[in-house]
Structure formats: structure tokens, C-alpha cells
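# Geometric and topological summary
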Amino acid sequence: MYGIDILVEEHKNIIEFCKSMKSMCCSIIEGEDVDINLVKECVAFGKNYADHLHHGKEEKILFKVMLEKLGPVADKLIRNGMLVEHDLGRLHMNELLEAIDRYEKDPSTLNKLDIITNASGYATLLNRHIGKEDEVVYTFAQRALSDEDKKRVNVETKEFDEAPENKADVEKYLDWLKNFKEKYPAR
């Protein structure tokens, strides 16, 4: 199923981002200076690639169809699980941005701790979240959605992906991720 295959591929990129972000956090703990601009770029990746481009597709397309068609089980799984975790991820990214702003004004240990805490917390949350989506949510959707509904998800996903601004952003963030992974390889 095209719609889900794309989401799974994006998960691989997000997992790589999370590994490198944790590696960056370890480097800061080990004494490396906080690269303010790089942390801001991490926030941009989280907000744009992971949230807008990926979670946006889930929320506006796949989850929407699941909520319309699959009843109370989907409702509980999506509303009380996946959407709550999406919001927690957004919270970590917003807190990370606020921490970096505070650190710019006051490079204290406490502000550095808030950077590490929110970056690492985001990475841990997303890794667990992705496992649930890949192993539970997506398999449920593939098993339970009708062929017509799967086709709808595929068509809408393709339209989203082919929008010129989304295509350009995906390319931009994947190029950025390649460089980030080289600078901070997974440990």
C-alpha cells in the first residue's frame, strides 16, 4: 500500500535523525559546545519533516480515513494514542526551541540541560511512537481498511507528496539529514 509504504520510509529517516540527535546530546555532555544554529536546524527538521510532512500525512489522510471507517478501536488507538504522542513531540520541539533561545542569552548549565533533555526526550518518544505505528497502527489499517479506502489513502498521499512545496522540502531536509548523520553518527 503506497500510503503506508511512504510513511514507513519516512520513519526510517526520522529514526536516523533521532539517533544523530542523541549522539549530538552525548557530545554536549562530553564537553562539546552547544551549536545553537545546529540545534535550531534540528527543531526545523522536527517541525517540518517529521511533523508537517510526515505527521501531517498521517493526521490528514491515513488517520482521518481510519477514524471515519474503523470505529471505536481506531478512535481509541488514534485519538488516545497516536495524536497524543504527536502533541508530545510538538511539545518537546517547542521546549527545545525555547531552551535554545534561553541558552543564547544565558549559556548556563541549566539551559544546556533543558536542550539535552528535550532533544533526547523527543528522540526517545519518536522511537517508541514509530514502533507502535509500524507494528500496530499501520498493520491494523492494512488489514481493516477496504480496498476503496486504501486507494483513497494512496491517492491523497501521492497528491500530498507531489505538491511542489512538499517535494522541495523533503529534498532539502533529506540533504540536511545526510550531513547531520555524518557529523553525529549513531553511537
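Residues numbered from 1 in each chain as written. Predicted model: local features only at pLDDT ≥ 70, side-chain atom pairs only at ≥ 80, totals over all residues. Heavy atoms only, no water.

- Under an unreviewed UniProt entry, the name given to the protein chain is Hemerythrin HHE cation binding domain protein, and the source organism is Lachnoanaerobaculum saburreum.

### Thoughts on the side chain of S27
- By secondary structure assignment, the location of S27 is in helix 1 (residues 2–29).
- On the basis of relative accessible area, S27 is assigned to the buried category, the value being 10%.
- Of note is the side chain of S27, whose polar atom sits 3.0 Å from the side chain of R187.
- When neighbours within four sequence positions are excluded, S27 is seen to be in contact with E32, Y184 and R187. (Helix = DSSP H or I, 4+ residues; strand = E, 2+ residues; numbered from the N terminus. Buried < 20%, exposed > 50% of the residue type's maximum accessible area, 1.4 Å probe, protein only. Polar contact = N/O pair within 3.5 Å; in protein donor to acceptor, adjacent residues only side chain to side chain. Contact = heavy atoms within 4.5 Å.)

### A look at the packing of aromatic side chains
- Within the structure shown, the criterion is met by nine aromatic pairs.
- With 6.3 Å between their ring centres and 75 degrees between their planes, F17 and Y122 make a pair best called edge-to-face. You can see F17 sitting in helix 1 and its partner Y122 sitting in helix 4 (residues 109–144), a full 105 residues away along the chain. Across this residue pair, the class does not change: F17 and Y122 are buried.
- Arranged with centres 6.0 Å apart and planes meeting at 80 degrees, the rings of F45 and Y173 form a pair that is edge-to-face. One end of the pair, F45, is in helix 2 (residues 36–69); the other, Y173, is in helix 6 (residues 164–183), with 128 residues separating them in the sequence. You'll find F45 and Y173 in the same group, each marked buried.
- Members of the aromatic cluster, each reached through a chain of ring pairs, are F17, F45, Y49, Y122, Y173, W176, F180 and Y184.
- For K158, the ring lying beneath its charged end belongs to Y2, and the centroid distance is 4.2 Å. (Phe/Tyr/Trp six-rings, centres within 6.5 Å; stacked < 30°, edge-to-face > 60°. Lys NZ or Arg CZ within 6 Å of the ring centre and 35° of its normal.)

### Digging into the packing of helix 2 against helix 6
- Their axes nearest at 10 Å, the elements helix 2 and helix 6 cross at an angle of 135 degrees. Considering the angle they form, helix 2 stands oblique to helix 6. Between helix 2 and helix 6 lies a crossing of left-handed hand. For the pair helix 2 and helix 6, the contacting residues are L38, E41, C42, A44, F45, N48, Y49, H52 and L53 in the first and N166, D169, V170, Y173, L174, W176, L177, F180 and K183 in the second.
- Here the contact of helix 2 with helix 6 is composed, by residue class, of 12 nonpolar, three polar and three charged. (Axes fitted to C-alpha atoms, helices over the stretch in contact; angles between N-to-C directions. Parallel < 35°, antiparallel > 145°, perpendicular 65-115°, else oblique. Left-handed = near helix turned anticlockwise from the far one by under 90°. Nonpolar A, V, L, I, M, F, W, Y, C, P; charged D, E, K, R; others polar.)

### Some points on the pattern of salt bridges
- Across all of its chains, the model carries 16 salt bridges by this definition.
- Here K57 ties to E10 by a salt bridge, and the two come within 2.4 Å at their closest N and O atoms. Taken as a pair, K57 in helix 2 and E10 in helix 1 lie far apart in primary sequence, 47 residues in all.
- When the shortest N-O distance is used, the salt bridge between K57 and D161 registers 2.5 Å. (Salt bridge = Lys/Arg side-chain N within 4 Å of Asp/Glu carboxyl O.)

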